[in-house]
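# Understanding the architecture of this molecule
Letter by letter, the chains look like this.
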Amino acid sequence: MNMITNPILTGFNPDPSICRVGDDFYIATSTFDWFPGVQIHHSRDLVHWHLLSRPLTRVSQLNMKGNPDSCGVWAPNLTYKDGMFYLVYTDVKRFDGRWKDTHNYLVTATEIDGEWSDPIYLNSSGFDPSLFHDEDGRAWVPNLLVDHRKGKFFGGIVLQEYSYRERRLIGEVYYIFPGTGLGVTEGPVLFKRNGWYYLITAEGGTEYNHAVTLARSRQITGPYEVHPTNPVLTSAHNPDLYLQKAGHGSVVSTPDGRWYLTHLAGRPLTTRGRCTLGRETCLQEVVWHEDGWLYLKSGGNEPQVQIEAPDLPVCRWEALPERCDFEDETMPIDFQSLRVPMDETWVSLRKRSGFLSIKGRESLCSTHHQSMIARRQQDFNFTATTRLEFQPDTFQQMAGLTYYYNTRHFYYLFMSWEES
């Protein structure tokens, strides 16, 4: 029996959106202020995954210059219909202070690892949009409503129709779900089964009270009734669980009719302490009961580290190399830059074979033009080394290796110059 071991995507892969096309499974995750935007992983057995692409590769799709720390791409939603992939995402421009600037977009592609379209602007009323393709040929976009008035902020879930032909949202905006007593309702995803519209939301906040909530209605515009044992998934009541912060889910069915829920989780270093690997992606098997609701197959609502895999052919992928000698003219897929794309004005693989040439610009505290190439941490224990060729002639020049969280929190081992 094959088993799935959680997390399936280790190290900074939050807000997973899962999609199946034939025998292929895809998961899109948030990338925040890292460029290119959105990570898409691919699997054929739900056990083995590999990083396939990052679709937002152009500034016309994602212009994050100046975005604050941890803003940028939030909660992408990946769907497929009639030979076309659809990716909906938020570019968060500002999230502190009284008002929030959250712009929602849609891009499309006929090949998931091909070139994606320029974005279609949807709205800016909140964040975490998704796209639902209904059986009648219509499409709908739910998103969290940001309400800046005192004491509200997380204002519930709104819904508006999307026109494929006009390439925009049309018609009335419906207020469909205020959330439950868990609060902090976000991450809405719709799906349909046996005449019911099901609404998955993330609730409780993205820290240790996080949860997956499920509601349903006979009409897409509501009203929605909440799962009888809500929440469907949470770690909130058990600080001893290996997988904490469980929440923000979406579901997928396998070719043999089994159902799985993907969700994020964190693995703290100490009991409910820091999660240095960020929020990671996990899977849980879910089953339908006679009452027409989904439940964890394991029982209860706590995430499991190991679950049974579907009966699918095993498909392993070649691991990414641990060492990079920069001998090719293509940047390894596991490397990203902050906010702005890599281009020949500041980073080059062509100047010298076996070298990554980086031109210094602004500091590690900048939100505009940092000269940094980085990859995410995926294990608690690791060794990182680099070799550099650098001849500074002033104390204002420096280069080296950084262990980086954001513009205010990092370690920097650098070579520089002193008069002595």
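Our subject is the structure that appears above.
In this report, the structure presented in the accompanying data block is examined. Throughout, residues of each chain are indexed from 1 in the direction in which the sequence is written. Given that the model is predicted, a residue must reach a pLDDT of at least 70 before its local features are reported, and side-chain atom pairs must reach 80 or more before they are shown or counted; all residues, however, enter totals for whole chains, interfaces and linings. The basis for every side-chain value is the complete set of heavy atoms in the structure, and neither hydrogens nor water enter the calculation.

### Details of the pattern of salt bridges
Throughout this description, the term salt bridge denotes a Lys or Arg side-chain nitrogen within 4 Å of a carboxyl oxygen of Asp or Glu. Taken as a whole, this structure holds 26 salt bridges when the rule is applied. Linking aspartate 69 and arginine 408 is a salt bridge whose minimum nitrogen-to-oxygen distance equals 3.1 Å. Taken together, the residues span a long stretch of sequence, with aspartate 69 in the loop between β6 (50–53) and β7 (72–81) and arginine 408 in the loop between β28 (399–406) and β29 (409–415) at a distance of 339 residues. Only protein chains enter the area calculation, which uses a 1.4 Å probe; residues under 20% of their type maximum are buried, those over 50% are exposed, and those in between are partly exposed. A relative accessible area of 59% places arginine 408 in the exposed class. A single salt-bridge network, built from bridges that share partners, covers Asp33, Asp69, Arg339 and Arg408. Secondary structure elements follow DSSP: runs of H or I of four or more residues count as helices, runs of E of two or more count as strands, with numbering from the N terminus.

### As for the packing of aromatic side chains
By convention, a stacked pair of Phe, Tyr or Trp rings (six-membered ring in the case of Trp) has centres within 6.5 Å and planes under 30 degrees apart, an edge-to-face pair has planes over 60 apart, and any other such pair is tilted. Under the counting rule described, the total for this entry stands at 27 aromatic pairs. Aromatic pair tyrosine 26 and phenylalanine 85: ring centres 5.8 Å apart, planes at 90 degrees, arrangement edge-to-face. Of this pair, tyrosine 26 sits in strand β3 (residues 24–29) while phenylalanine 85 sits in strand β8 (residues 84–94); the two residues are 59 residues apart in sequence, bridging distant segments of the chain. In this structure tyrosine 26 comes out as buried when scored by relative accessible area, which is 8%. Of the residues examined, phenylalanine 85 reaches a relative accessible area of 5% and is grouped as buried. Pairing tyrosine 403 with tyrosine 411 gives two aromatic rings, centres 6.2 Å apart and planes at 10 degrees, and the pair type is stacked. When its relative accessible area of 61% is taken as the criterion, tyrosine 411 is described as exposed. Criterion for a charge above a ring: Lys NZ or Arg CZ within 6 Å of the ring centre, and within 35 degrees of the ring normal. Its end group placed over the ring of phenylalanine 95, lysine 100 keeps NZ or CZ at 5.1 Å from the ring centre. Here arginine 352 stacks its cationic end above the ring of phenylalanine 355, 3.8 Å away from the centre of that ring.

### Points about the side chain of threonine 90
Counting through the fold element by element, threonine 90 comes out in strand β8. Take threonine 90: its relative accessible area is 0%, and that puts it in the buried class. N or O atoms within 3.5 Å of each other form a polar contact, as long as, within protein, one can give a hydrogen and the other can take it, and as long as residues adjacent in sequence are counted only when both atoms are side-chain atoms. At 3.2 Å, the side chain of threonine 90 and the backbone nitrogen of aspartate 128 are in polar contact. Apart from residues lying up to four places away in sequence, threonine 90 is in contact with Gly72, Val73, Trp74, Thr102, His103, Asn104, Phe127, Asp128 and Pro129. Two residues qualify as a contact provided that any one of their heavy atoms is within 4.5 Å of a heavy atom in the partner residue.

### Notes on the nonpolar core
Here the nonpolar core consists of buried residues drawn from Ala, Val, Leu, Ile, Met, Phe, Trp, Tyr and Cys, with membership extended through side-chain atoms lying within 4.5 Å. By size, the foremost hydrophobic cluster in this structure holds 26 residues, and its most contacted members are Trp34, Ile176, Phe177, Leu190, Ile220, Tyr224 and Met372. Among the secondary structure elements, those contributing two or more residues to this core are β12 (139–147), β13 (153–163), β14 (168–177) and β16 (196–203). Among the elements that take part in this core, β12 stands out by supplying three residues, more than any other. When residues no more than four places from it in sequence are discounted, the contact partners of isoleucine 220 are Phe132, Asp134, Trp140, Leu159, Ile176, Leu190 and Tyr197. Counting 20 residues, the second-largest nonpolar core is a separate cluster that includes Ile40, Leu56, Val73 and Trp116.

### Some details on the sheet that holds strand β9 (residues 101–109)
A strand pair is defined by DSSP finding two or more bridges across the two strands. Reading across from one edge, β7-β8-β9-β10 is the order of the four strands in this open sheet, with antiparallel pairing throughout. Of all strands in the sheet, those with a lone pairing partner are β7 and β10 (120–123), marking the two edges. On average, adjacent strands in this sheet sit at an angle of 25 degrees to one another, irrespective of strand direction. Sheet topology places β7 next to β8; eight bridges connect them, and they run antiparallel. Considered in β8, the bridge of asparagine 77 is made with valine 88. In this analysis, axes come from line fits to C-alpha atoms, helices being fitted only over the stretch in contact, and the angle between any two N-to-C directions falls in the range 0 to 180 degrees.

### A closer look at the state of the cysteines
Linking two cysteines covalently via their sulfur atoms produces the bond known as a disulfide. The term disulfide is used for any two cysteine sulfur atoms that are within 2.5 Å. Within the structure shown, the criterion is met by zero disulfides. The thiol of cysteine 282 is unpaired, and the distance to the nearest cysteine sulfur, on cysteine 275, comes to 11 Å. The exposure class assigned to cysteine 282 is buried, which follows from its relative accessible area of 0%.

### Things to note about the pairing of β28
Two faces belong to every sheet, and in a regular strand the side chains alternate between them. Examined bridge by bridge, β28 and β29 share seven bridges and lie antiparallel to one another. By the bridge assignment for β29, asparagine 406 is matched with histidine 409. Where β28 folds back on β29, the antiparallel hairpin that results is connected by two residues.

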